[in-house]
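Understanding the architecture of this molecule
Each chain, written out:
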Amino acid sequence: MITSGDHMNWKDNLIKIAPYVAGEQPDKRDFIKLNANENPYPPAPGVIKAIEDFRGADLKKYPDANARPLMKAIAEDLGVDADNVFVGNGSDDVLALSFRAFFNSDKPIVFPDITYSFYPVWCEMLGIPYRTLPVGEDFNINAGDYNCENGGVVIANPNAPTGIGRDLSFMREILDANPGSVVISDEAYVDFGGVSALPLLREYDNLIVIRTFSKSRSMAGMRIGFAVGGDTLISALRAAKDSYNSYPLDSVAIAAGCASVADRAYFESTLKKVMATRDRLTAELRAMGFEVPDSSTNFLFAHHKSRKAADIYDFLKSRDIYVRHFRKPERISDHLRITIGTDEETDRLTAALHEYLG
Ligand code: PMP
């Protein structure tokens with residue numbers, strides 16, 4: 001019998017974790033939201049039609065467990081075999097499952113110190129040891145650093161929040177140094193001018209490429225991400241999924257995702273607009289005294305030569321313009337990450353910055 005005083009405290013058994021913190025979602029209208037790398041343009045018209053045409057009565061059935069119609073559409077679009085595509089509930093879901101499926105070594109996995117801040121959170125959550133490797137002064141990842149003992153490698157290319165994209169020889173150097181580890185290429189932003197590792201899949205069966213519909217396909221709210229990889233890695237991912245949640249994508253998302261892939265012209269025209277606005281904003285920010293690395297993404301990583309990032313952030317917020325300011329890690333606490341909006345939003349941003357900088 002349990003007597004008073006012997007009680008285990010259930011609070012001791014709760015998860016202790018510092019979770020990933022996403023960009024603010026202000027609870028008001030009429031603000032400019034440039035803090036979550038969302039696309040300012042709507043999804044393709046066919047996506048909206050697919051949602052409108054969806055037969056609500058069909059929701060009584062489970063969706064296809066592997067989102068097969070979408071697997072096939074993505075595979076055809078990329079010129080790969082459908083069996084080599086894995087679809088999940090946003091690329092966060094695909095990444096988390098990948099960490100679980102591929103990183104079961106006692107050796108630490110490695111990733112840059114400045115990168116997507118969800119990686120260490122998944123490691124904590126899943127009990128995966130990890131080690132971060134510092135990026136250079138110019139925020140470039142040094143491929144040679146990844147020639148080290150490890151239990152896996154994660155590279156965001158282009159990297160976030162720096163926006164810096166690297167070429168195939170960079171990925172190849174990392175892959176050549178790591179035949180004994182799974183290498184994840186997180187390509188959330190690759191469509192905005194990055195270089196994909198997809199062509200390397202034929203040569204490296206330890207490589208997996210992970211992408212999303214959230215940014216370049218304007219579908220962050222629908223939660224669609226996918227991985228492309230060899231049979232062995234994709235089988236491990238499916239096993240991880242089927243040990244956790246068999247149906248990560250709902251039926252509406254599958255239909256909407258297929259409609260997005262079907263409209264290549266719209267996809268390309270949206271990308272072109274975002275990239276043109278990005279290049280214009282890069283030049284304008286530099287003219288205002290910001291240091292901005294060339295971006296291969298839909299955001300800019302900006303540091304002002306004389307004004308504090310925190311102060312610029314507060315001023316913009318007072319003007320209802322939300323950008324992202326990371327207080328940690330220290331190395332980037334004086335930088336802002338600014339998502340590319342429409343041309344009109346960009347004009348309002350630059351007007352506010354001119355007002356602030358005088
Ligand atoms: N990878 C990187 C580098 C990201 O910045 C993000 C967006 N926060 C994701 C993956 C996840 O995006 P989603 O889950 O919307 O596909």
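In this convention, every chain numbers its residues from 1, walking through the sequence in written order. Where totals are concerned, whole chains, interfaces and linings use all residues; where local detail is concerned, this predicted model gives features only for residues with pLDDT of at least 70, and gives and counts side-chain atom pairs only at 80 or more. Calculated side-chain values reflect all of the structure's heavy atoms, with hydrogen atoms and water omitted.

**Quick word on the packing of helix H3 (residues 90–102) against helix H4 (residues 118–126)**
- At a closest axis distance of 10 Å, the pairing of H3 and H4 adopts a crossing angle of 50°. What the angle tells us is that H3 and H4 run oblique. As H3 runs across H4, the sense of the crossing is right-handed. Across the interface between the two elements, Asp92, Leu95, Ala96, Phe99 and Arg100 of H3 pack against Phe118, Tyr119, Trp122, Cys123 and Leu126 of H4. Between the N-to-C directions of two axes lies an angle of 0 to 180 degrees, each axis being a line fitted to C-alpha atoms and, for a helix, fitted only over the stretch in contact. In this text, helices come from DSSP runs of H or I with a minimum length of four residues, and strands from runs of E with a minimum of two, each type numbered from the N-terminal end. Note on angle classes: values under 35 degrees are labelled roughly parallel, values over 145 roughly antiparallel, values of 65 to 115 roughly perpendicular, and the remainder oblique. Note on convention: the crossing is left-handed when the near helix lies turned anticlockwise from the far helix by less than a right angle, right-handed when the turn is clockwise. It only takes one pair of heavy atoms within 4.5 Å for two residues to be counted as in contact.

**With respect to the nonpolar core**
- Of all hydrophobic cores here, the largest spans 51 residues; its most connected members are Leu70, Val87 and Ile224.
- Looking at this core, the elements that each hand over two or more residues are helix H1 (45–53), helix H2 (68–78), strand S2 (85–88), strand S5 (153–156), helix H5 (168–177), strand S7 (207–212), strand S8 (225–229) and helix H7 (251–262).
- Per-element accounting of this core gives the leading share, six residues, to H7.
- For this core, the domains that each give at least three residues are domain 1 (18–43 + 265–357) and domain 2 (45–262).
- Not counting residues within four places of it along the chain, the set of residues in contact with isoleucine 224 comprises Leu70, Val87, Gly88, Gly90, Ser91, Thr212, Phe213, Ser214, Met219, Leu249, Ala253 and Gly257.
- The nonpolar core is taken to be a set of buried Ala, Val, Leu, Ile, Met, Phe, Trp, Tyr and Cys residues, with the residues joined through side-chain atoms within 4.5 Å. Here's how the labels work: a residue is buried when its accessible area is under 20% of the maximum for its type, exposed when over 50%, partly exposed in between, all with a 1.4 Å probe on protein chains only. If you look at the next biggest cluster of nonpolar residues, it comprises 33 residues, including Leu271, Leu281, Ala302 and Ile340. The source of the domain bounds is an automatic or database domain assignment.

**Let's talk about the sheet that holds strand S10 (residues 299–304)**
- In space, the four strands of this open sheet follow the order S9-S10-S13-S12, with antiparallel pairing throughout. In this open sheet, the two strands that pair with only one neighbour each are strand S9 (290–291) and strand S12 (324–325).
- Inspection of the sheet shows S9 paired to S10 by two bridges, in the antiparallel sense. Along S10, the bridge assignment pairs phenylalanine 290 with histidine 304. One bridge is not enough; two strands pair if DSSP finds at least two bridges between them.

**A closer look at the site of the ligand**
- Throughout this document, a residue counts as near a molecule or strand when at least one of its heavy atoms sits within 4 Å of that molecule or strand. Every one of the 13 residues lining the ligand counts as a neighbour, but Ser91, Tyr189, Thr212, Ser214 and Arg223 are closest to it.
- A distance of 3.0 Å is found between an oxygen atom of the ligand and a backbone nitrogen or oxygen belonging to aspartate 92.
- Any pair of N or O atoms that falls within 3.5 Å is considered a polar contact. Within protein, one atom must be able to donate a hydrogen and the other to accept it, and sequence-neighbouring residues count only if both atoms are side-chain atoms. Contact between the ligand and tyrosine 189: an oxygen atom at 2.7 Å from a side-chain N or O atom of the residue.
- Areas reported as accessible are Shrake-Rupley estimates using a 1.4 Å probe. Residue values count occlusion only from the protein chains shown. Summarising the interface, the protein chains cover 92% of the accessible area of the ligand, which totals 410 Å² for the free molecule.
- Here the shell around the ligand gets four residues from one element, more than from any other, and that element is H3.
- Ten residue types, Ala, Val, Leu, Ile, Met, Phe, Trp, Tyr, Cys and Pro, are classed as nonpolar, four, Asp, Glu, Lys and Arg, as charged, and the remainder, Gly among them, as polar. A per-class count over the shell around the ligand returns five nonpolar, four polar and four charged.

**Some remarks on the environment of methionine 219**
- Take methionine 219: it is sitting in the loop between S7 and S8.
- With a relative accessible area of 4%, methionine 219 lands in the buried category.
- Separated by 180 residues in sequence, methionine 219 and asparagine 39 place their C-alpha atoms 8.1 Å apart.
- If sequence neighbours within four positions are ignored, methionine 219 has contacts with Pro43, Val47, Phe213, Ser214, Ile224, Ala256, Gly257 and Ser260.

**Overview of the pattern of salt bridges**
- Take a side-chain nitrogen of Lys or Arg and a carboxyl oxygen of Asp or Glu: if they are within 4 Å of each other, that pair is a salt bridge. One pass over the full model with this rule turns up 21 salt bridges.
- In this structure, the salt-bridge partner of arginine 280 is glutamate 284, at a minimum N-O distance of 3.0 Å. Placement of both arginine 280 and glutamate 284 in helix H8 (residues 264–287) is noted, with a separation of four residues, approximately one turn of the helix.
- With relative accessibility at 26%, the residue glutamate 284 sits in the partly exposed group.
- The partner of arginine 280 in a salt bridge is aspartate 347, with the nearest N and O atoms 3.0 Å apart.

**Quick notes on the domain arrangement of the protein**
- With domains assigned, the protein is organised as domain 1 (18–43 + 265–357) and domain 2 (45–262).
- Centre-to-centre separation of domain 1 and domain 2, based on C-alpha positions: 24 Å.
- Buried area is calculated as the accessible area (1.4 Å probe) missing from two parts once they are joined, with the contributions of both summed. Of the roughly 2500 Å² buried between domain 1 and domain 2, counting both surfaces, carbon and sulfur atoms make up 65%.
- When the buried surface of domain 1 facing domain 2 is broken down by residue, Tyr20, Pro43 and Arg331 rank first, second and third, together holding 29% of it.
- Linking domain 1 with domain 2 are one salt bridge, by the criterion used here.

**With respect to the pairing of S7**
- Most of S7 is tucked away: six of the six residues are buried.
- With burial as the criterion, each face of S7 is covered, one bearing Leu207, Val209 and Arg211 and the other bearing Ile208, Ile210 and Thr212.
- Pairing of strand S6 (residues 183–186) with S7, which is carried by four bridges, proceeds in the parallel orientation. Along S7, the bridge assignment pairs valine 183 with leucine 207.
- Relative to S8, S7 runs antiparallel, the two sharing five bridges. Within S8, the position partnered with arginine 211 by the bridge is phenylalanine 226.

**A closer look at helix H9 (residues 309–318)**
- Listed as buried for H9 are Ala309, Ile312, Tyr313, Phe315 and Leu316. Down the axis, H9 shows its buried residues gathered within 165° of arc, on one side only.
- Residues of H9 that are buried in the fold lie against S9, S10, strand S11 (321–322), S12, strand S13 (336–339) and helix H10 (343–357).
- Where H9 ends, the next residue or the one after it, aspartate 320, has phi of about 65°, a positive value. This arc corresponds to the set of directions leading from the helix axis out to the C-beta atoms.

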